[in-house]
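# Examination of the molecular architecture
One-letter residues, chain by chain:
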Amino acid sequence: MWVLPSGKSWTDAARYVVLGVAALVSLWFWLIPLMKWRGTLYILTTKRVHMRVGFVNKTGRSIPLARINDISFAASLWERIIRCGTLKIESASEQGLLTLKHIPDPEGLKRTIYEAMDGDQEHRYGAEERISRSR
């Protein structure tokens, strides 16, 4: 508004139009991504990795830890500065790849998932060993 020329060429209506366009642009580039980010939930349990997405309409996806084949992460320079990144989890299922975007500390989450996978394998193989000993 400060750079608009003053005088009769810019009426009050034109100034409100410029303010309205600025408000729409700020909604498009700020509020909508914020709502998408706030509507995304990642959950790591002892058995699965869950992803829930949506603010009004919800969708979700789960991958059992036993079916995870590979985990990779990527972070651009800007993402490294703000300490976030993208984590890609490849599984042995029909859907294949689960991409978790804009997560804080993707390398730490990768390490945590691997630790959970190791714990799940120890639990499963320990249970099988106990069953075979009892026979």
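Just above sits the structure.
Since the structure is predicted, the reported quantities are computational estimates derived from the model, not experimental observations.

### Some remarks on the overall build of the protein chain
The number of helices and strands found in the protein chain is three helices and six strands. In sequence order, the protein chain lays out its α and β elements as α-β-β-β-β-α-β-β-α. Every one of the 135 residues in the protein chain was classed for burial, and the buried ones make up 21%. Across the protein chain, contacts joining residues at least 24 apart in sequence account for 30% of those joining residues at least 6 apart. Carbon and sulfur atoms provide 59% of the accessible area of the protein chain, an area that totals close to 10400 Å².

### Details of the pairing of strand β5 (residues 84-91)
Every other side chain in a regular strand lies on the same face of the sheet, so the side chains alternate between the two faces. Among the eight residues that make up β5, six are buried, leaving the element largely enclosed by the rest of the structure. With six bridges joining them, strand β4 (residues 68-74) and β5 adopt antiparallel strand pairing. Across the sheet, S72 pairs through a bridge with K88, a residue of β5. By the bridge criterion, six bridges tie β5 to strand β6 (residues 97-104) in an arrangement that is antiparallel.

### Considering unusual backbone geometry
Although it is not a glycine, R83 sits at a positive phi angle of roughly 60°. When you line up the elements, R83 lands in the loop between α2 (77-81) and β5. Notably, H102 is not glycine yet its phi reads approximately 55°, a positive angle. Mapping H102 onto the fold places it in strand β6.

### So, a nonpolar patch on the surface
A cluster of nonpolar side chains, namely V17, V21, V25, W28, F29 and I32, defines an oily patch on the protein surface of about 640 Å² accessible area. For W28, the location among the structural elements is in helix α1 (residues 12-38). A residue is classified by how much of its surface remains accessible, and W28, at 58% relative accessible area, is exposed.

### Examining the environment of P106
In this structure, P106 sits in helix α3 (residues 106-134). Given the relative accessible area of 7%, P106 is considered buried. C-alpha separation for the pair P106 and F73, spaced 33 residues apart in sequence, amounts to 6.2 Å. P106 has contacts with F73, C84, G85, T86 and L87, leaving out every residue within four places of it along the chain.

### Some thoughts on the pairing of strand β1 (residues 40-44)
Both β1 and strand β2 (residues 48-53) contribute to a ladder of five bridges, which runs antiparallel. Residue pairing for β2: Y42 is matched across the bridge by M51. Joining the antiparallel neighbours β1 and β2 is a turn of three residues.

### Quick look at α1
For α1, built from 27 residues, the straight-helix expectation of 39 Å at 1.5 Å per residue is met to within 8% by its first-to-last C-alpha distance of 37 Å. The axis of α1 is deflected most strongly, by about 40°, at L27.

Cut-off values and rules
Residues numbered from 1 in each chain as written. Predicted model: local features only at pLDDT ≥ 70, side-chain atom pairs only at ≥ 80, totals over all residues. Heavy atoms only, no water. Helix = DSSP H or I, 4+ residues; strand = E, 2+ residues; numbered from the N terminus. Buried < 20%, exposed > 50% of the residue type's maximum accessible area, 1.4 Å probe, protein only. Contact = heavy atoms within 4.5 Å. Areas by Shrake-Rupley, 256 points an atom, 1.4 Å probe, with all protein chains shown as cover. Pairing = 2+ DSSP bridges. Patch = residues over 30% accessible without salt bridge, like charges linked within 9 Å, V, L, I, M, F, W, Y side chains within 5 Å. Salt bridge = Lys/Arg side-chain N within 4 Å of Asp/Glu carboxyl O. Expected span 1.5 Å × (residues − 1). Bend = angle between axes of the 7 residues up to and from the residue.

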